[in-house]
Amino acid sequence: MLRRAELRVTAPRIAVLTAAREHPHSDTDTILGLVRDTLGTVSHQAVYDVLRVLTEAGLLRRIQPMGSVARYETRVGDNHHHLVCRSCGVIADVDCAVGDAPCMTAVDDNGFVLEETEVIYWGLCPACSPQTTSRSPEQPSR
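Every value quoted in this text rests on a predicted model; they were computed, and no experiment measured them.

*Asks:* What is the right way to read the nonpolar core from this model?
*Replies:* A general tendency of soluble globular proteins is for nonpolar side chains to be buried together. Ranked by internal contacts, the top residues of the largest apolar core, which has 20 residues, are Val16, Ile31, Val35, Val47, Leu51, Leu54 and Leu60. At the level of secondary structure, the elements contributing two or more residues to this core comprise helix 1 (11-22), helix 2 (28-39) and helix 3 (44-56). In this structure, leucine 60 is in contact with Val16, Leu17, Ala20, Leu51, Leu54, Thr55, Tyr72, Glu73, Thr74 and Val76, ignoring residues within four places of it in sequence.

In structure tokens form, the structure reads like this:
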């Protein structure tokens, strides 16, 4: 993966990629902790630098939902979207609703060459959603 991106293979780069793959949507501090668990002493700056290089190389995707710190994932290149829980902040991947990336077809692209679309669905995850035994006709099911 690193060689295909024409990057040197280093222990910090491997550790960051592994952490992001095994713990999708992790923030920098979480990744730093996971890398330190693997390698021992690694500076915060070194992890920031690796995250930047891997993101620029297209090996990581950086997302930053409103009100959240930046998070990283290894699922790149497929234009998927995210679900974010308003209560606990958990993030989950979700594919485009219909067809092959329909969100990439803008009504008016204003001359832009579209490369990526970011859609974030906000709501409550199953663990945070209030449990109700019956719903009135006005309440849609989830």
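*Asks:* Would you take a moment to explain the sheet that holds strand 1 (residues 26-27) for this structure?
*Replies:* Picture the strands of a sheet paired through backbone hydrogen bonds; they go either parallel or antiparallel. Pairing in this open sheet of 3 strands is antiparallel, and the strands run 1-3-2 from one edge to the other. Two strands in the sheet have a free side with no partner beyond their single neighbour: strand 1 and strand 2 (61-63). Across 2 bridges, strand 1 lies against strand 3 (residues 71-73) in antiparallel orientation. The residue bridging aspartate 27 from the neighbouring strand is arginine 71, located in strand 3.

*Asks:* Before we go on, may I ask you to explain unusual backbone geometry in this structure?
*Replies:* If a residue is not glycine, its phi is most likely negative; likewise, a peptide bond is most likely trans. For glutamate 6, which is not a glycine, the phi torsion comes out positive at approximately 60 degrees. Its place among the elements puts glutamate 6 in the segment before helix 1. Even without glycine at this site, asparagine 110 takes up a positive phi of about 50 degrees. Mapping asparagine 110 onto the fold places it in the loop between strand 5 (91-94) and strand 6 (120-123). Classification of asparagine 110 as exposed rests on a relative accessible area of 58%.

What counts, and at which threshold
- Residues numbered from 1 in each chain as written.
- Predicted model: local features only at pLDDT ≥ 70, side-chain atom pairs only at ≥ 80, totals over all residues.
- Heavy atoms only, no water.
- Core = buried A, V, L, I, M, F, W, Y, C linked by side-chain atoms within 4.5 Å.
- Buried < 20%, exposed > 50% of the residue type's maximum accessible area, 1.4 Å probe, protein only.
- Helix = DSSP H or I, 4+ residues; strand = E, 2+ residues; numbered from the N terminus.
- Contact = heavy atoms within 4.5 Å.
- Pairing = 2+ DSSP bridges.

These figures come from the coordinates and say nothing about function on their own.
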